[in-house]
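# Coordinates in review
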Amino acid sequence: MNIMKGSILVTLFILLVSTAFAQTTAMISGSIISNNVKAVGGATVSLLRAKDSATVKLSVASKEGSYVFENIADGKYLVAVTAVGHQKSYSNLIDINAKQQNIQLPSISLTPAAKSLTDVTVTTKRPLIEQRIDRTIVNVDASITNVGTSALEVLEKSPGVTVDRDGNISLKGKAGVLVMVDGRPTQLGGADLANLLRNMNSSQLDQIEIMTNPPARYDAAGTSGIINIKTKKIITAGFNGSASIAYSQGRYPKTAEGINFNYREGKINLFTALSHNYQKRFSTLNIDRNIFNNNTNTIDKVFNQEANRISAGHSYSAKIGVDFFATRKTTIGAVVNLNSRGTLSSNPNITNISNAAKDLESVTKALVDNDADWKSISTNLNFRTLLDKKGKELTSDFDFVRHSLGNDLFMVNSYTNAAGNEYRKADTLKGLLPQNIEVYTARVDYLHPISKNARFEAGIKSGIVKTDNNAVYDSIQYGRIIHDFNRSNHFIYEENINAAYVNLSAPLSKKWSAQFGLRLENTNAKGTQLTTGETFDRHYTQLFPTAYFQYKANDKNNLGANFARRVSRPSYQSLNPFIKFIDRYSFSQGNPALKPSVSSNIEVSHTWKNQITTTVNYTNIKDIIHEIIQQKGQEAYNMPANVSSLNQVGISVSANNPINKWWTSNININVYNDNYKGIVNGAVIDRAATSFVINGTQQFKITKTITGEINGRFRNGWLEGVMRTNAVGLIGAGISKQILKNQGTIRLTARDIFWTQRLKGITRYGNVDVEMRQFSETQVVTIGFSYGFSKGKKIAPVKRTAGSANEEQNRIGQ
């Protein structure tokens, strides 16, 4: 662990020293033509440092062939241009200095290549991290060590993102993240969202967009922001695609395969993506609990539990879509996503029960088997039309999503005394836990450009959700099946959310620009427990304002500030009072009494020379939802609750810089202080902790076709509601080589090399005294191969709408 911390800190020091030598900034613009006549749209334009040809910036030419590079430090540069079917071309030497800050280059003329398209391969490399005004972008393929990994593992490496032991995602230390795929929510949360992301191949991913304060056009859901996972889209006419395969080995083997096809001809664009994933993993969980005497408040019993879970399963996904270009201004599209996952898990565990003096009194052995099956279908119909030549645009979406989740539980418990003799009859519990979720959403958005740099947006949305959960538990006693009325439950939840928003962005002066938004959301929710007859009926309307300001002080410094109010509604599964067993003495349960939590977020940022961005944030969250360990007799259980309010103050620094032509560095540091205040089971909670997270990636160009990478992450001890955790971290490395005329790439990676990602947490409040330790299969070696093929010409990408089922898809299963 000390080696890891030292490596990351040394890298950070080198990065900061290297960036100190940058100079003033400027702008370079120009255009691309073919044979000195025709404009070339979609060409890849690279700004290279003249002394070592290191890539400084990348851009893509517009359909008119124009490009712009902004915020350029003083120095000497070259512009390189590549385009399918053309030879690579360069500009003359460019000298940026105090006298030449804004340079308009002569048109760069490309010469058509003599080779056929199938023989031409254009390779470009995007930076790993890009900083935008309203978001941070992670380019997935830019990291070698992402090969063969899952979407969840890619998220773990992303700036400001953390994933806890159960797969719950937080952003800058705050829970309540809305996760979307291609602008559409996943319709899953918690354990089910984590499973979906674990089974999504990184080969399918293009970018990760991280937005802490999204604009008003996005759903207000997500108290800490939005993470949008963008999958790959091919922008070449004709027939083209890519394929990938990876094999991973930890304690158990894993495989991942994926293929993407695209065919575009005339007014039709067809696309599909298919993938398969096999995972076999283990995890070990130790729980030590002290049981207190209610009268004397002294330790009465000591429970030492160990569970060793092994799970294995296959997952399949298919995406099929079509775009129809009815006219030059109007596009109609449809997308269907199919997913299937089957997982078998076995969780043998043992519980040693001792007295206060830690003398063993009895032993409970349990075997908990789960057969989980999940199937989903999501469909989207979308429409986009340009209303005039000024750019007025109208878009609409209709989404339907259906998830079917089944879980068959079989748990057997045996009981012996300290001498190993049975003192109680073994018992068996069976459970059938189906869940069906249906979501219908529709939205309409309007965009109205006011001037070159100002625009007005407005839109409406409505969504209907229904979940049906019927948990049936039976006990087997002396060979007889007896229905368990205490644990069985049938819960139905129905929800309707209606929303409207307006958004205005415009420059205020030459140096000032601003964006203002307001979103209104009306929520109507009803829950019914058919087993007990209990119901709840809730109706509320909320306003969510957003504001952004940007000030360009000079060529070196840009300042920004933003504010947003957001909401995190309880997930559909967390409202469900079902019981999920870990073993005889441990289980989790939903809470129908949960209320939505509301956050107010303020951020102030400074960007220096477009290389180092520093952000200070303050967040207040009321009625924050956390999984809380509670105790009833000898049983301990997790239940989500509105436990407290959270006040957080934090600062983050993101530095992305090419050190030289063969070394590129990316470092992100986030330091924050959390203060939780509230009441849990009558116990007053007032806890605070200061934590930090460091992510670092160092990339090295060894030869023209070989690149290497070292990455690491370290998180010191932090506060997670009422649980205090220890420090965790990992180091990974990888190497890649381009082959087959640069159309193929082979990669070898190692993750968590020193197996340091081991979690320890302590929860102490009221009558709860629990210590938890957990480790799993994070030490993995992967070899992967990818291959791209194309027969067509590069064209402008299809602008597809983001869909309407935004928040709803993210709340299923949390």
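Residues numbered from 1 in each chain as written. Predicted model: local features only at pLDDT ≥ 70, side-chain atom pairs only at ≥ 80, totals over all residues. Heavy atoms only, no water.

### Examining the overall build of the protein
Regarding its fold elements, the protein presents three helices and 48 strands. The proportion of buried residues among the 814 residues of the protein is 52%. Nonlocal contacts in the protein, meaning residues at least 24 apart in sequence, comprise 67% of its contacts between residues at least 6 apart. When the accessible area of the protein is evaluated, it comes to approximately 35,400 Å², of which 57% is carbon and sulfur surface. (Helix = DSSP H or I, 4+ residues; strand = E, 2+ residues; numbered from the N terminus. Buried < 20%, exposed > 50% of the residue type's maximum accessible area, 1.4 Å probe, protein only. Contact = heavy atoms within 4.5 Å. Areas by Shrake-Rupley, 256 points an atom, 1.4 Å probe, with all protein chains shown as cover.)

### A closer look at the nonpolar core
The nonpolar side chains of a soluble globular protein tend to be buried with one another. Counting residues in each nonpolar core, the largest one holds 28 residues, and the members touching the most others are Tyr473, Phe491, Tyr493 and Phe581. When neighbours within four sequence positions are excluded, Phe491 is seen to be in contact with Thr467, Asp468, Asn469, Gly527, Thr528, Gln529, Phe536, Leu575, Asn576, Pro577 and Phe578. Formed by 26 residues, the second largest nonpolar core is a distinct cluster that contains Leu285, Tyr672, Val680 and Ala683. (Core = buried A, V, L, I, M, F, W, Y, C linked by side-chain atoms within 4.5 Å.)

### Observations concerning the layout of surface pockets
Here the second largest pocket defines a volume of roughly 290 Å³. Considering the residues around the second largest pocket, the lining is formed by 17 residues, among which Arg424, Asp427, Thr428, Ser475 and Gln477 are closest to the centre. Looking at the lining of the second largest pocket, the elements that each hand over two or more residues are strand E25 (393-417), strand E26 (422-432) and strand E28 (455-477). Residues that form the lining of the second largest pocket fall into these classes: seven nonpolar, four polar and six charged. (1 Å grid on protein atoms, 1.4 Å probe; cavity = no way out; pocket = protein on both sides within 12 Å on 5 of 7 lines; lining within 4 Å. Points joined across faces, edges and corners; volume = space filled by probe spheres on them. Nonpolar A, V, L, I, M, F, W, Y, C, P; charged D, E, K, R; others polar.)

### Thoughts on the packing of aromatic side chains
Within this structure, the stated rule accounts for 21 aromatic pairs. Taking 5.0 Å as the distance between ring centres and 45° as the angle between the ring planes, the aromatic pair formed by Phe400 and Tyr440 counts as tilted. Taken as a pair, Phe400 in strand E25 and Tyr440 in strand E27 (residues 435-449) lie far apart in primary sequence, 40 residues in all. For Tyr440, a relative accessible area of 37% corresponds to the partly exposed category. (Phe/Tyr/Trp six-rings, centres within 6.5 Å; stacked < 30°, edge-to-face > 60°.)

### Notes on the confidence of the model for the protein
For the protein, the average pLDDT comes to 85, and 89% of its residues sit at 70 or higher. Low pLDDT (under 50) marks residues 1-25, which in the prediction has 55 contacts with non-local residues, meaning those over four places away or in another chain. Note on residues 115-124: pLDDT under 50 across the span, and 21 contacts to partners over four residues away in sequence or across chains. (pLDDT = per-residue confidence, 0-100.)

### A look at the side chain of Thr615
Positionally, Thr615 belongs in strand E37 (residues 612-632). Aside from chain neighbours lying at most four places away, what touches Thr615 is Lys172, Glu603, Val604, Ser605, Gly650, Ile651 and Ser652.

### Some thoughts on the environment of Arg773
Summarising the element assignment, Arg773 is placed in strand E47 (residues 768-776). Judged by relative accessible area, Arg773 falls into the partly exposed class, the value being 28%. Separated by twelve residues in the primary sequence, Arg773 and Gly761 place their C-alpha atoms 6.5 Å from one another. A polar contact is formed between the side chain of Arg773 and the side chain of Glu771, at a distance of 3.0 Å. (Polar contact = N/O pair within 3.5 Å; in protein donor to acceptor, adjacent residues only side chain to side chain.)

### Overview of the pairing of strand E31 (residues 512-529)
As judged from the 17 bridges shared by strand E30 (residues 489-507) and E31, these two strands associate in the antiparallel manner. Paired with Glu494 across the strands is Lys526, a residue of E31. The antiparallel hairpin formed by E30 and E31 contains four residues in its connecting segment. Sheet topology note: the E31/strand E32 (residues 535-552) ladder contains 17 bridges and is antiparallel. By the bridge assignment, Gly517 is partnered in E32 with Thr546. (Pairing = 2+ DSSP bridges.)

### A few points about the environment of Ala641
Tracing the backbone through its elements, the reader meets Ala641 in strand E38 (residues 635-660). Look past the residues within four positions of Ala641 in its chain and what remains in contact with it is Asn591, Leu594, Ile624, Ile625 and His626.

### Quick notes on the pairing of strand E12 (residues 136-139)
For a regular strand, side chains alternate in direction, first toward one face of the sheet and then toward the other. Across the two faces of E12 the burial is the same, with Thr136 and Val138 and Ile137 and Asn139 all buried. Bridge count between E12 and strand E17 (residues 205-211): four bridges; the pairing is antiparallel. In the sheet register, Thr136 faces E17, and the bridge partner there is Ile210.

### A word on the pattern of salt bridges
Pairing between side chains of opposite charge can happen when the charged atoms of each approach one another. Evaluation of the coordinates by the stated rule reveals 23 salt bridges. Glu521 is the partner of Arg519 in a salt bridge, and the nearest nitrogen-oxygen pair spans 2.8 Å. In this structure Glu521 comes out as buried when scored by relative accessible area, which is 1%. Salt-bridge contacts for Asp623 lead to Lys595; the nearest nitrogen and oxygen are separated by 3.8 Å. Here Asp623 is found in strand E37, whereas its partner Lys595 is found in the loop between strand E35 (586-589) and strand E36 (597-608), with 28 residues between them in sequence. In the salt-bridge network here, residues are joined through shared partners; they are Arg217, Arg443, Asp445, Arg455 and Glu457. (Salt bridge = Lys/Arg side-chain N within 4 Å of Asp/Glu carboxyl O.)

### Structural notes on unusual backbone geometry
Even without glycine at this site, Leu740 takes up a positive phi of about 55°. Of note, the phi angle at Trp755 is positive, near 50°, even though the residue is not glycine. Position of Trp755 relative to the elements: it lies in the loop between strand E45 (744-751) and strand E46 (758-765).

### A closer look at the environment of Ile651
Summarising the element assignment, Ile651 is placed in strand E38. The spatial distance from the C-alpha of Ile651 to the C-alpha of Asn670 is 5.9 Å, given a sequence separation of 19 residues. Residues in contact with Ile651, not counting those within four places in the same chain, are Thr614, Thr615, Val616, Asn617, Ile669, Asn670 and Val671.

### Re a nonpolar patch on the surface
Side chains of Tyr247, Ile702, Ile735, Ile746, Leu748, Val781 and Ile783 sit close together on the surface and give an oily, nonpolar patch of about 600 Å² of accessible area. Secondary structure elements with two or more residues in the nonpolar patch: E45 and strand E48 (780-791). For Ile735, a relative accessible area of 38% corresponds to the partly exposed category. (Patch = residues over 30% accessible without salt bridge, like charges linked within 9 Å, V, L, I, M, F, W, Y side chains within 5 Å.)

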